[in-house]
Amino acid sequence: MGAPDWSAPHVPGRVLLLGADSLAAQSVTTLSGVVTQAVTDGVRLAFTPAGTDDRAFAVTLQRAGLRVQPDFLYAPLATPNDPGVPGNAGVPVAGVGSFTQSYLTRVRAPQAWTFLQGCGKTPVAAKTAILDSKVEAGHPDLTGRVAASASFLSPESGGSDTSTGHGTASAGLVGAATNNGRGVAGVTWSGPLLAVEVLGAAGGSTSDLARGLNESVRQGAKVINMSLGLSGDPGDAVLAQALTNAAKSAVLVAAAGNTAGDGVYYPASHPDVIAVGAVAQNDGQLACYSARPSAARPRPLNIVAPGGAGNCTGATNAAQMLILAPGGTYTLGAGTSFAAPLVSGVAALMRAANPALSAADTKARLLGSVNTAAGQPLLDANAAVRAATR
């Protein structure tokens, strides 16, 4: 066993003395005036004198020949009380049954939450923009999460999409209100979401998206999620420039697309964007629908995350994604659209845990901490958050 780690979570204001039943005379003299308390045979608590740092106090005691360590602080694995969190009762989906968010454990989100809590931090999000269809800010599981909204729909967009709930689902995966005793847990427990409507019932245009990106940057978004795309490389110079500009301050995350043979969609294929593919039941195998590199478009996926089984062979309801739905309800879904927000949520945790990280550094640490599963770069929330705090 190595030397004690004084940076690890521990109870402040006291240290533990080992072998305290047989103290040498010098050690007894050093402890003169120090309040101690028996713990077990050979172990005592020594309370750090006022105005003294625990580590400095320990050094003084060690110089007197004492064995000293922190009184480490252990905590149970963070388990929010939301019914959808694995281990809880599950969320009813009308006509189907009750389901939990198995994808959270697959990306090791609970371990990331526990680590942050052990560091004295809550799993809070840096401001995250959801570029998508209209977000139902009044959904009971988004209460208090949507800090601001903006809409950039052109007349050709067909008006607000109020039926699919796509934007609401994306927002919920990043930041459903967590530990509130209802519904599902977001990757982030709290923190501001910026709902930017760029997709209408008929889709969204370059100008819609470019304006949405610029507004997200103007409002200080540190992460931008784009669960949208266009097959192929359209040669969209306007959107390309908007993405390049936004990437200077925000981590850009996009769904890779839901057509397996067409290569990675745009804007996920833009070099400044994290392209997210989806895995289904098997973390080491891409979902049957997930976009992937093709001969014509070899741009690789940067990372993969659970996206639900969809209609892949052997798919079951339990292997789909439990997501928010219109009207304050919940449903099951699948697609790279639902894998991308998991990545965005982790990036938001990283930038909140260490606000000094740049967008580029956050991206590098996120992609450098993946859990490789059968060759796939699988999102690992715990490793990514730890990498952010080093």
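Remember, predicted model here, so these are calculated numbers, not experimental data.

S.K.: How do you make sense of the packing of aromatic side chains when you look at a structure like this?
M.R.: The geometry of an aromatic ring pair is captured by the separation of the ring centres together with the interplanar angle, meaning the angle of the planes. As enumerated under the stated definition, the model contains one aromatic pair in all. Seen in terms of ring centroids, Trp 113 and Trp 189 are 5.3 Å apart; in terms of plane orientation they differ by 70°. Their pairing is edge-to-face. Here Trp 113 is found in helix α4 (residues 109-118), whereas its partner Trp 189 is found in the loop between α5 (166-175) and β9 (193-197), with 76 residues between them in sequence. The class for Trp 113 is buried, based on a relative accessible area of 1%. On the accessibility criterion, Trp 189 (13% relative accessible area) is buried.

S.K.: For this particular structure, what's the right way to read the UniProt feature "active site" (unreviewed entry) in the protein?
M.R.: Per the UniProt entry, the sites bearing "active site" (unreviewed entry) are Asp 132, His 166 and Ser 337 in this numbering. A compact arrangement is adopted by the annotated residues: their sequence extent is 206 residues, whereas the largest C-alpha distance between any two is 10.0 Å. Of the residues examined, Asp 132 reaches a relative accessible area of 0% and is grouped as buried. A polar contact is formed between the side chain of Asp 132 and the side chain of His 166, at a distance of 2.7 Å. When you line up the elements, Ser 337 lands in helix α8 (residues 336-353). On the accessibility criterion, Ser 337 (11% relative accessible area) is buried.

S.K.: Just to check I follow, could you spell out the pairing of strand β8 (residues 146-151) for this structure?
M.R.: Sheet faces and side chains relate simply in a regular strand, where the side chains alternate between the two faces. Examined bridge by bridge, β8 and β9 share five bridges and lie parallel to one another. Looking at β9, one finds that Ala 150 is bridged to Val 196. For the segment spanning β8, α5 and β9, crossover handedness is left-handed.

S.K.: How should I be thinking about unusual backbone geometry in this particular structure?
M.R.: Glycine aside, a negative phi is what most residues show, and trans is what most peptide bonds show. Backbone torsion omega between Tyr 266 and Pro 267 reads 20°, so that peptide bond is classified as cis. Within the fold, Pro 267 resides in the loop between β11 (251-255) and β12 (273-279). In this structure, Arg 108 takes a positive phi of about 60° despite not being glycine. Given a relative accessible area of 30%, Arg 108 falls into the partly exposed group. A positive phi is found at Asn 179, a non-glycine position, where the angle reads about 65°. In this structure, Asn 179 sits in the loop between α5 and β9.

S.K.: Is there a simple way to explain the environment of Ala 195 in this structure?
M.R.: With respect to the secondary-structure elements, Ala 195 resides in strand β9. Using a relative accessible area of 8% as the deciding quantity, one classes Ala 195 as buried. A sequence separation of 135 residues divides Ala 195 from Tyr 330, and the C-alpha atoms of the two residues are 19 Å apart. If sequence neighbours within four positions are ignored, Ala 195 has contacts with Ile 130, Val 135, Val 146, Ala 148, Ser 149 and Ala 150.

How each quantity is defined
Residues numbered from 1 in each chain as written. Predicted model: local features only at pLDDT ≥ 70, side-chain atom pairs only at ≥ 80, totals over all residues. Heavy atoms only, no water. Phe/Tyr/Trp six-rings, centres within 6.5 Å; stacked < 30°, edge-to-face > 60°. Helix = DSSP H or I, 4+ residues; strand = E, 2+ residues; numbered from the N terminus. Buried < 20%, exposed > 50% of the residue type's maximum accessible area, 1.4 Å probe, protein only. UniProt positions renumbered as here; feature names shortened; annotations may be inferred. Polar contact = N/O pair within 3.5 Å; in protein donor to acceptor, adjacent residues only side chain to side chain. Pairing = 2+ DSSP bridges. Right-handed = clockwise from strand over helix to strand, strands pointing away. Contact = heavy atoms within 4.5 Å.

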